[in-house]
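Each chain, letter by letter, is given below.
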Amino acid sequence: MKFAFYTLGCKVNQYETQAMEQQVLAMGHTLGCFEEACDCYVINTCTVTAVADKKNRAVIRRCRRQNPRAIIGVCGCYAQMQPQQVRALDVDVISGSAGREAFIHRMLLSAKEKRRIEQVDPALQRRDFELLPAGGLETRTRAMLKVQDGCNNFCSYCIIPYARGPVRSAPLETAVAQGLTLAKAGYREIVVTGIEIASWGWDLKDRGNLTDLVESLCSALPEVRIRLGSLEPRVVTEEFCRRLSRFSNLCPQFHLSLQSGSDAVLTRMRRKYHTERYLQSVTLLRTFFPGCALTTDLIVGFPGETEAELSESLSFARQCRFAAMHVFPYSRRPGTPAAEMPGQLSKTEKEARSARALAVAAELEQAYLTEQVGKILEVLFEEPAGSGLYAGHAPNYAKVYAPGSNLHNVLRPVAITGMYQDGLLGEILE
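In this report, the structure presented in the accompanying data block is examined. These numbers come from a predicted model, not from an experiment. (Residues numbered from 1 in each chain as written. Predicted model: local features only at pLDDT ≥ 70, side-chain atom pairs only at ≥ 80, totals over all residues. Heavy atoms only, no water.)

Across all of its chains, the model carries two cavities of 30 Å³ or more by this definition. Taken as a whole, the largest cavity spans an internal volume of roughly 40 Å³. Lining the largest cavity, in full, are Ser 97, Ala 98, Asp 128, Phe 129, Glu 130, Lys 146, Asp 149 and Arg 168. Of the pockets and cavities examined, the second largest cavity occupies roughly 30 Å³. In terms of lining, the second largest cavity is formed by Glu 232, Pro 233, Arg 234, Lys 272 and Tyr 273. (1 Å grid on protein atoms, 1.4 Å probe; cavity = no way out; pocket = protein on both sides within 12 Å on 5 of 7 lines; lining within 4 Å. Points joined across faces, edges and corners; volume = space filled by probe spheres on them.)

On to a nonpolar patch on the surface. On the surface, a nonpolar cluster with roughly 250 Å² of combined accessible area is contributed by Leu 124, Phe 154 and Tyr 162. Inspection of the secondary structure assignment puts Leu 124 in the loop between strand S6 (117–119) and strand S7 (142–149). (Patch = residues over 30% accessible without salt bridge, like charges linked within 9 Å, V, L, I, M, F, W, Y side chains within 5 Å. Areas by Shrake-Rupley, 256 points an atom, 1.4 Å probe, with all protein chains shown as cover. Salt bridge = Lys/Arg side-chain N within 4 Å of Asp/Glu carboxyl O. Helix = DSSP H or I, 4+ residues; strand = E, 2+ residues; numbered from the N terminus.)

Turning our eyes to something else, we now look at the pattern of salt bridges. Under the criterion given, the structure shown has 32 salt bridges. Here Asp 53 and Arg 333 are joined by a salt bridge, their closest N and O atoms 3.2 Å apart. You can see Asp 53 sitting in helix H2 (residues 50–66) and its partner Arg 333 sitting in the loop between strand S13 (324–329) and helix H13 (347–372), a full 280 residues away along the chain. The pair Asp 53 / Arg 333 is uniform in exposure class, with both members buried. (Buried < 20%, exposed > 50% of the residue type's maximum accessible area, 1.4 Å probe, protein only.)

A separate point is the environment of Leu 369. Take Leu 369: it is sitting in helix H13. Once the C-alpha coordinates of Leu 369 and Gly 418 are considered, the two residues, 49 residues apart in sequence, prove to be 8.8 Å apart. Leu 369 has contacts with Ala 398, Met 419, Gly 423 and Leu 424, leaving out every residue within four places of it along the chain. (Contact = heavy atoms within 4.5 Å.)

This part covers the packing of helix H1 (residues 11–26) against helix H5 (residues 100–113). Between H1 and H5, whose axes approach to 10 Å, the crossing angle comes to 50 degrees. The pairing of H1 with H5 is recorded here as oblique in orientation. Judged by the sense of rotation from one axis to the other, the crossing of H1 with H5 is right-handed. Contacts between H1 and H5 involve Asn 13, Glu 16, Met 20, Gln 23 and Val 24 from the first element and Arg 100, Glu 101, Phe 103, Ile 104 and His 105 from the second. Counted by class, the contact of H1 with H5 contains four nonpolar, three polar and three charged residues. (Axes fitted to C-alpha atoms, helices over the stretch in contact; angles between N-to-C directions. Parallel < 35°, antiparallel > 145°, perpendicular 65-115°, else oblique. Left-handed = near helix turned anticlockwise from the far one by under 90°. Nonpolar A, V, L, I, M, F, W, Y, C, P; charged D, E, K, R; others polar.)

For the rest of this paragraph, the subject is the nonpolar core. Counting residues in each nonpolar core, the largest one holds 75 residues, and the members touching the most others are Leu 231, Leu 250 and Leu 285. The residues touching Leu 250, leaving out its near neighbours within four places in the chain, are Val 214, Cys 218, Ile 226, Leu 228, Leu 244 and Phe 289. (Core = buried A, V, L, I, M, F, W, Y, C linked by side-chain atoms within 4.5 Å.)

Right, let's talk about the packing of aromatic side chains for a bit. Summed over the entire model, instances satisfying the criterion amount to twelve aromatic pairs. Between the aromatic rings of Tyr 6 and Phe 34, the centroid separation amounts to 5.0 Å while the plane-to-plane angle is 55 degrees, which identifies the pairing as tilted. Here the residue Tyr 6 occupies a position in strand S1 (residues 2–7), and Phe 34 occupies one in the loop between strand S2 (30–31) and strand S3 (40–45), the gap between them amounting to 28 residues. On the basis of relative accessible area, Tyr 6 is assigned to the partly exposed category, the value being 27%. Here the aromatic rings of Tyr 278 and Phe 322 are separated by 6.3 Å at their centres, their planes lie at 75 degrees, and the arrangement is edge-to-face. Within this pair, whereas Tyr 278 is found in helix H11 (residues 275–288), its partner Phe 322 is found in the loop between helix H12 (307–320) and S13, the two being separated by 44 residues in sequence. Here Tyr 278 matches Phe 322 in class, with each residue buried. Grouped by ring-pair contacts, the aromatic residues Tyr 273, Tyr 278, Phe 316 and Phe 322 constitute a single cluster. (Phe/Tyr/Trp six-rings, centres within 6.5 Å; stacked < 30°, edge-to-face > 60°.)

Following this line, the structure appears as structure tokens:
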């Protein structure tokens, strides 16, 4: 049978889709494009915002409209939280945010027996980490390594702890073994990912922490670049920085979740830090990893956010000098405490605040990229970019373009000569 996959949402979803692709291939089936005629379609959904829910429904409807006789399966966080809504969309197989291997078997069973199957477990009762094969298709240069699932933070705006359940961690030995498998397969970079990787190890008997895990991965894979997924400020301590700064293969790019630069808003968000602690993490990273890229997420228009609080937030972002900043207007998510808070802002106001924050983000990114001109960066090339150029990413995740061909999955030092499109332009040094 021919399967096609469509993924919405985070890197964990991408990882899990890749695992299902591998499972399908290992069973002797084939993969097709989501836009072509296939026997089975899998839609891996996200539910982080109400906007994400709308996108899920649009993709499912379009898939059914274009493929009336195919088997359509929906899994992921939206299916976990709203199975009744998915059921109403003429779907054959519904699964939640766990049990990926069993889900594929249900797809095949549905195709064979021509019946609908639904299996959604209670996420908050999960205690075991679901081990899935790491890696992806051969065309990719960067592999994701999922080491953790679930979240115990329960921020007031977030539905994910309810959709994913509590923290579960992959054993250290398992994570390292999967990393070695990826290296053997030819991947030159591994992204350590999870729902909330700062919590890695909380549920394990030996009570290791993220520093232990990253140290072990960097030691075991000296020829592979190790890139970390999103971090909570609490995990960035002096010990974290001191122990990890000795590894040249740890990418000096750290995505440090902020969400707001106003302490009052952070309190309403139920974030577990304030700006003073956040700034300590920023200072530590810049001290131990000079020139590193610090990236973040920022939510604007949170319920009750005043003009003064927004100004505080943007001022703090400038103080942190982020290399990149993803800006999100607050999306009211039913089922979360924030959805019932007073002071909900209008869509127009949130869009206006988002535009202001995006202008600051562009200003900061431009400043960071300007600093890279004249440097020599080791670039992992990924794909042709037209006009005789090849594109890839530096350890700091800056996108770099350089003249060349046939450079897929090749590492080369590049002398940065200027800015270009959404990144940098350079010349490959031989």
